[in-house]
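Tertiary structure, described
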Amino acid sequence: MYKKILIPTDGSEFAKKAQMHALFIAKVSGAEIIAVSVTENNFVNGLPLDDEIYQLNQILNERSEENLKEFDKLNEDGVEVTHIIKEGSPARAILEVANEENVDLIVMGSSGKSGFDRFIMGSVADKVVNSAKCAVLVVH
């Protein structure tokens, strides 16, 4: 049923639960997984690119690489996994990768936001669910 499954990972517990679901679905359906980690660096836009900003971007990219390596450790069944690291808005990046890679399913963790934060920012999961052109499974 599924050929390509997109799994965003940010290292959170919600993401790890979603990763387990995605690995199971991929195993039983024979799908490949595209794991994406998004480096959210919007706060540096407009700042002069000096050494501190460069170092901060490097740290954020290293964290994204670590998130993908942690995901690989969960892949005990050897499901085919492709890694992608994107920069920018998480929801936008997830939707871009989903479209570019023609995925059939996005499996992602809920953000866990509530109250005022959710009202002001919205959740990444909500944005993806409302804009994706494929099925989305949100794991809580």
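In what follows, the accompanying structure is described. (Residues numbered from 1 in each chain as written. Predicted model: local features only at pLDDT ≥ 70, side-chain atom pairs only at ≥ 80, totals over all residues. Heavy atoms only, no water.)

On to the nonpolar core. If you look at the biggest cluster of nonpolar residues, it comprises 17 residues, and the most contacted ones within it are Leu6, Val36, Ile94, Val103, Ile106 and Val128. With six residues, helix H3 (residues 90–100) is the single largest residue contributor to this core. Among residues more than four places away in sequence, those in contact with Ile106 are Leu6, Pro8, Ile94, Ala98, Val128, Ala132, Cys134, Ala135, Val136 and Leu137. Formed by 16 residues, the second largest nonpolar core is a distinct cluster that contains Ala18, Ala31, Ile33 and Phe71. (Core = buried A, V, L, I, M, F, W, Y, C linked by side-chain atoms within 4.5 Å. Buried < 20%, exposed > 50% of the residue type's maximum accessible area, 1.4 Å probe, protein only. Helix = DSSP H or I, 4+ residues; strand = E, 2+ residues; numbered from the N terminus. Contact = heavy atoms within 4.5 Å.)

On to the environment of Asn130, then. Within the element layout of this structure, Asn130 appears in helix H5 (residues 124–131). Residue Asn130 is classed as exposed on the basis of its relative accessible area, which comes to 66%. Here Asp126 takes part through its backbone oxygen, which lies 2.9 Å from a polar atom of the side chain of Asn130. (Polar contact = N/O pair within 3.5 Å; in protein donor to acceptor, adjacent residues only side chain to side chain.)

Before going further, it helps to spend a moment on the sheet that holds strand S5 (residues 135–139). An order of S3-S2-S1-S4-S5 is seen for the five strands of this open sheet, with the pairing classed as parallel. Whereas interior strands pair on both sides, the edge strands pair on one side only; in this sheet they are strand S3 (81–87) and S5. Direction aside, neighbouring strands of the sheet carry axes that sit 20 degrees apart on average. Bridging between strand S1 (residues 4–8) and strand S2 (residues 32–39) involves five bridges; their strand directions are parallel. (Pairing = 2+ DSSP bridges. Axes fitted to C-alpha atoms, helices over the stretch in contact; angles between N-to-C directions.)

When the charged atoms of two side chains lie near each other, side chains of opposite charge can form a pair. All told, the structure shown has six salt bridges when counted by the stated rule. Among the ionic pairs, Glu101 bridges to Lys4, the shortest N-O distance being 3.6 Å. In this pair, Glu101 is assigned in the loop between H3 and strand S4 (105–109) and Lys4 in strand S1, connecting sequence segments 97 residues apart. Assessed through its relative accessible area of 22%, Lys4 is described here as partly exposed. One salt bridge connects Glu96 with Lys86, and the closest N-O pair in it is separated by 3.7 Å. Of this pair, Glu96 sits in helix H3 while Lys86 sits in strand S3, and the two are 10 residues apart along the sequence. (Salt bridge = Lys/Arg side-chain N within 4 Å of Asp/Glu carboxyl O.)

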